[in-house]
Amino acid sequence: MDKELAKTYNPQDIEDRLYKKWEDKKYFSAKVDKSKKPFTIVIPPPNITGQLHMGHALDNTLQDILIRFKRMQGYNALWQPGTDHASIATEVKIIEQLKKEGIDKDDLGREGFLERAWQWKEEYGGRIISQLKKLGSSCDWDRERFTMDEGCNKAVTEVFVNLYNKGYIYKGSRIINWCPVCHTSISDAEVEYEEQAGHFWHIKYPIVGEEGFVEIATTRPETLLGDTAVAVNPEDDRYKHIIGKHVLLPIVNREIPVVADSYVDMEFGTGVVKITPAHDPNDFEVGKRHNLPEINVMNDDATINENGGKYAGMDRYTARKLLVKELEELGLLVKIESHNHNVGTHDRCNTTVEPMIKPQWFVKMDELIQPAIEAVKSKEIQFIPERFDKIYFNWTDNIRDWCISRQLWWGHRIPAYYCQDCGEVMVAKEAPATCSKCGSTKLVQDEDTLDTWFSSALWPFSTLGWPEKTEDLDYFYPTDVLVTGYDIIFFWVIRMVFSGYEHMGKKPFSKVLIHGLVRDAQGRKMSKSLGNGIDPLEIIDQYGADALRFTLVTGNAPGNDMRFHWERVEASRNFANKVWNASRFIMMNLEKAKTEETIDESLLTIADKWILSKANKLVKETTENMESFELGIAVQKIYDFIWEEFCDWYIEMVKPRLYSDTDETKVAALWTLEKVLLISLKLLHPYMPFITEEIFCTLQEMLGRQEAESIMISAWPEYEAKYEYSKEEEAVELIKAAVKGIRNVRSEMNVPPSKKATVIVVSESDKIRDIFTESKVFFATLGHSDNVIIQENKAGVPDNAVSTVVPGVTVYMPFEDLVDIEKEIERLNKEKERLEGELKRVKGMLANENFVKKAPESKIAEEKAKLEKYTDMMNQVLERLAQFSK
RNA sequence: AGAGCCAUAGCUCAGUUGGGAUGAGCGUUCGCUUGACGUGCGAAAGGUCAUGGGUUCGAGCCCCAUUGGCUCUACCA
């Protein structure tokens, strides 16, 4: 490594090199060590089909910050990585790929297809991992897992068998969302509703044995073929008389009953609903309540089946068209209205889903969910921010049984075996050789695979070795924090929670840190179809991973969405550059002068004590912020401290001492610079790991010291009571106020910094004069003065000198002809007005009896101090004005 | 339909337990070859904290209502 930092900060030069070092040195590795406390995060496993997007970047940046922070604090920090097989997403991709080669999935057969899928996994599964590495993620890669690796498979089978034996998993015919293109059932969560312009067809159903009709309205006329009833609301006076009678289903000519069900909305449509239990979820429920037959009229590809009579074989939409035409010819079509309605589509392929009755496997949720509800209620598991527990409960309170079977090949095959001879169903970890009932050897395994979330639900413990009783599991479980987006609470978080309680008897994690979405500059979701996505890798290429991470975590509160602006990345890069150059400056000076590791603290000046005190306070506050997951607040404080306090004030204060050959406190300045820089770098490291590491190592090399091989395994700074210098802090703040006043006056009077001038500090207070005397060395430079005179009274101050007022002090600048007295009077009047406002507020408060009676002591004291301060300043201003009016 | 969130400077957003909004970044205006940095330094302008009530000595923050915007869940045949 170079002993010197490059002149300009260039992230490309350092990031890959440092990451390689960290990996080679195994800094990310976490091994069971009972002498240390564990801190564990499991990564939300990205899909093997995935490409790093801004959501991943945010999610993983947050995790890495927490892990690096805890690691430095001395925890045994494990970030458990891995990837998800993402059953349907991957299968869809592979089918697409096959299609390009002109191959049909079914031609390959199950074995052949799976072979292709594994090839895909080998080829692309690692891509997202290398992208996570570019971000700086400090995962323990030696522990990388995959939801379909041997251990996870074992866990899945174990769980399935356990739940089945306990009666929580059952097979049943239910109405499910069917994708006619993917040929699989999909869960409710995978259905997206989009509003589409459609029609309302009003159709007459003749009443059997009477004159007349009932009029129904439907958006899907083709489902008429499967109608087994019509329903009315029992309270509806219009239709009470026909309840229990029958109507004749047109075209099909089937007599179907009129049933009464409160599900029917009297206000909507005609108040009469056709009931098609096999093709509508609500109708299915109505059908169950009234014992109606379920007539499936569709094939798996959404063509009409043999139950559709002459419509058999037609596509559902063709059938719709022809059926409407036939109704019209029969004179049974009353009218067609335009009607916008929500149509469910499959989120992977955008096909309109078809509700169908299919035998599927389900997890019974009502009992399993109870501990998961209790855990959040009792705060054993906490959401950050807290408000997300409402969203969680909104879901748990309305939970329905979980359909876990998928008619796919890529995934965990359901461990159920059917006897071809007697029909016995056997669920077992190992394929049975013979039927447990009839002894037949003709057994076949269920063709279906499990919902991809079935395996991710086990992720917090399957990755640590479960179902084996491993040391890792014992030590690292339950994990500490789960970091994820709010969009995934119901898919994943809930399922991990109940699974943790059910299989481990313990919660999977204690805290759930929720973040929002990264949107584009206009606030839209980033999506492929809009083409408004920003590639995190492009940002890393241009500005560095540190800048990206910093951007993602700055100015954002947990759970809130954020907009992406390139300007913000630039601002982050500028900050990195600032840190780089400040470090360069410090190192330049340290190199010239020999410094020691310890210092005679009597050499510390007021300025040194001020910055040490500030840094000390920063350590305390940011550590607390980070412990309560207020990362945005912490990073803002670190930024402000480094840029403003440290660079703009302290470094400038110290320059005269650094450039002096005689100042005996020079060594204290150097010592302080080094110490505060180290604290700053360490606090910043979780947010900007690369640049801080580069500087840390270069600095150590240069000084010939080694606190640690890497900043990432160095000790997190700790608050030290001895560096609490409140007197010096206050004193320097007074000097700063005076300097600001001087700069303000000079700026308003158009006196350029190059024009050095005498400054006369007048204060009656010995204490204050001492402070200025002590600070003279930097006060002069910062105030662009070549001559600072400190005195008790105004003796010798020219009448036309301009001034600035701070508590206890008036600072005069005799600029002679450079100033315009009118302007000075105007300035003083402005200041007077401001002080009048302040005084009015403070006096009003203190004059309020109730305030004095009820407010806390400290608040009253605070206000009294302000009153004193403003009164003093006001007197000084008035005195000056009086002088000019003479 | 149910639930949740948001409304603070021109723009994008912070604001932890209620205690003058010296808020941040960007943008704007003025000045600066100050020996780390112009990806910089200094100064300044810019806010009735959506509206109306309430609680409180005191409200951007707590409570209620209203308006506007967004999201999730459910889904109407």
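Coordinates for the structure precede this section.
Basis of the calculations
Residues numbered from 1 in each chain as written. Chains lettered and ligands numbered in written order. Predicted model: local features only at pLDDT ≥ 70, side-chain atom pairs only at ≥ 80, totals over all residues. Heavy atoms only, no water. Helix = DSSP H or I, 4+ residues; strand = E, 2+ residues; numbered from the N terminus. Rg over C-alpha atoms; globule rule 2.2 N^0.38 Å. Buried < 20%, exposed > 50% of the residue type's maximum accessible area, 1.4 Å probe, protein only. Areas by Shrake-Rupley, 256 points an atom, 1.4 Å probe, with all protein chains shown as cover. Core = buried A, V, L, I, M, F, W, Y, C linked by side-chain atoms within 4.5 Å. Contact = heavy atoms within 4.5 Å. Expected span 1.5 Å × (residues − 1). Axes fitted to C-alpha atoms, helices over the stretch in contact; angles between N-to-C directions. Parallel < 35°, antiparallel > 145°, perpendicular 65-115°, else oblique. Nonpolar A, V, L, I, M, F, W, Y, C, P; charged D, E, K, R; others polar. Salt bridge = Lys/Arg side-chain N within 4 Å of Asp/Glu carboxyl O. Near = heavy atom within 4 Å. Polar contact = N/O pair within 3.5 Å; in protein donor to acceptor, adjacent residues only side chain to side chain. Disulfide = S-S within 2.5 Å. Pairing = 2+ DSSP bridges. Phe/Tyr/Trp six-rings, centres within 6.5 Å; stacked < 30°, edge-to-face > 60°.

### Digging into the overall build of chain A
- Per the secondary structure count, chain A includes 26 helices and 29 strands.
- Its C-alpha atoms give chain A a radius of gyration of 37 Å, more than 25% over the compact-globule value 29 Å for 886 residues.
- Counting only C-alpha atoms, chain A reaches 120 × 65 × 55 Å along its principal axes.
- The buried share among the 886 residues of chain A stands at 55%.
- A total accessible area of about 39400 Å² is found for chain A, and carbon and sulfur atoms account for 48% of it.

### Regarding the nonpolar core
- Membership of the largest hydrophobic core comes to 196 residues, with the highest contact counts inside it found for Phe454, Tyr650, Tyr687 and Phe779.
- Per-element tally for this core: the top contributor is helix α19 (residues 631–658), with 14 residues.
- What Tyr687 contacts, discounting residues up to four positions off in sequence, is Ile65, Asp546, Arg549, Phe550, Val553, Met626, Leu631, Ala634, Val635 and Ile638.
- Counting residues in each nonpolar core, the second largest holds 35 residues, with Val247, Ile256, Val272 and Ile304 among its members.

### A look at helix α2 (residues 54–72)
- When the terminal C-alpha atoms of α2 are compared, their 27 Å separation across 19 residues agrees well with the 27 Å that a helix rising 1.5 Å per residue should span.
- Across the 19 residues of α2, 18 count as buried, placing the element largely inside the fold.

### As for the packing of helix α3 (residues 87–100) against helix α4 (residues 105–124)
- Two elements in contact, α3 and α4, have axes separated by 10 Å at closest approach and are oriented at 110°. With respect to their mutual orientation, α3 and α4 come out roughly perpendicular. Here Thr90, Glu91, Lys93, Ile94, Ile95, Gln97 and Leu98 of α3 lie close against α4, whose contacting residues are Lys105, Leu108, Phe113, Arg116, Ala117, Trp120 and Tyr124.
- Grouping the constituent residues of the contact of α3 with α4 by class yields eight nonpolar, two polar and four charged.

### Observations concerning the pattern of salt bridges
- Applying the stated criterion across every chain yields a total of 66 salt bridges.
- Several salt bridges share partner residues, and in doing so they unite Arg220, Glu222, Arg316, Arg320 and Glu354 into one network.

### A look at the protein's contact with RNA strand B
- Lining the immediate environment of RNA strand B, one finds 65 residues, of which Phe268, Arg841, Lys854, Lys859 and Tyr870 sit closest.
- Of all atoms in RNA strand B that approach within 4 Å of the protein, 64% are sugar or phosphate atoms.
- At a separation of 2.7 Å, a sugar or linking oxygen of RNA strand B approaches a polar backbone atom of Gly555.
- Contact distances for RNA strand B include 2.8 Å between a sugar or linking oxygen and a side-chain N or O atom of Asn848.
- Ranked by residue count, the leading element in the surface near RNA strand B is helix α17 (residues 566–592), at eleven residues.

### Section: the environment of Glu597
- As for its placement among the helices and strands, Glu597 is situated in the loop between α17 and α18 (606–627).
- The spacing of Glu597 and His503 is 94 residues in sequence and 53 Å in space, taken between C-alpha atoms.
- Excluding its chain neighbours within four sequence positions, the residues that come into contact with Glu597 are Trp671 and Arg705.

### Notes on the side chain of Arg145
- Residue placement: Arg145 occurs in strand β4 (residues 145–146).
- A polar side-chain atom of Arg145 sits 2.7 Å from a polar atom in the side chain of Asp149.
- Setting aside residues no more than four positions away along its own chain, Arg145 makes contact with Gln80, Pro81, Gly82, Thr83, Gly151, Cys152, Trp459, Ser462, Thr463 and Gly465.

### Things to note about the state of the cysteines
- On inspection of all chains with the given rule, the structure shows zero disulfides.
- Free of any disulfide, Cys422 has its nearest neighbouring cysteine sulfur in Cys435, separated by 3.6 Å.

### Focus: the environment of Ser747
- In this structure, Ser747 sits in helix α22 (residues 726–748).
- Separated by 159 residues in sequence, Ser747 and Met588 have C-alpha atoms that sit 32 Å apart.

### Some remarks on the sheet that holds strand β27 (residues 785–791)
- The strand order across the open sheet built from four strands is β27-β26-β29-β28, with neighbouring strands paired in mixed fashion. Pairing within the sheet leaves two strands with one partner each, and these edge strands are β27 and β28 (802–806). The mean inter-strand angle of the sheet, taken between neighbouring strand axes irrespective of direction, is 20°.
- Bridge count between strand β26 (residues 757–762) and strand β29 (residues 809–813): three bridges; the pairing is antiparallel. Note on β29: the bridge partner recorded for Val762 is Thr810.
- Relative to the sheet, α22 contacts β26, β28 and β29, its axis offset from that of β28 by approximately 150°.

### Overview of the pairing of β28
- For β28, a buried count of five out of five residues is recorded, marking the element as mostly surrounded by other parts of the structure.
- In β28, alternate side chains face the same way, and those of Val802, Thr804 and Val806 on one face and Ser803 and Val805 on the other are all buried.
- Relative to β29, β28 is paired through five bridges, and the arrangement is antiparallel. Bridge assignment links Val806 to a residue of β29, and that residue is Val809.
- Two successive antiparallel strands, β28 and β29, enclose a turn made up of two residues, where Gly808 displays a positive phi of approximately 85°.

### Observations concerning the packing of aromatic side chains
- Scanning all chains against the criterion turns up 38 aromatic pairs.
- Considering the side-chain rings of Phe69 and Trp716, the 4.8 Å spacing of their centres and the 75° angle between planes classify their relative orientation as edge-to-face. Separated by 647 residues along the polypeptide, Phe69 in helix α2 and Trp716 in the loop between α21 (689–703) and α22 bring together distant segments of the chain. Pair check on accessibility: Phe69 and Trp716 agree, each one buried.

### Considering helix α16 (residues 545–553)
- By the criterion of burial, α16 is predominantly enclosed, with nine of the nine residues buried.
- Of the positions making up α16, those classed as buried are Ala545, Asp546, Ala547, Leu548, Arg549, Phe550, Thr551, Leu552 and Val553.
- Once α16 finishes, Gly555 follows within two positions and takes phi at roughly 60°, a positive value.

### Some points on the pairing of strand β5 (residues 169–179)
- Strand direction decides the pairing type here: β5 and strand β14 (residues 354–363), joined by ten bridges, are antiparallel. Counterpart to Ser173 in the pairing with β14 is Pro359.
- Here β5 pairs with strand β6 (residues 184–186) via three bridges, running antiparallel. When the sheet's bridge partners are listed, Trp178 is paired in β6 with Ser185.
- The turn joining β5 and β6, which pair antiparallel and follow one another in sequence, is formed by four residues; a positive phi near 55° is taken by His183.

In short, the description is geometric, and any link to function would need to be established separately.
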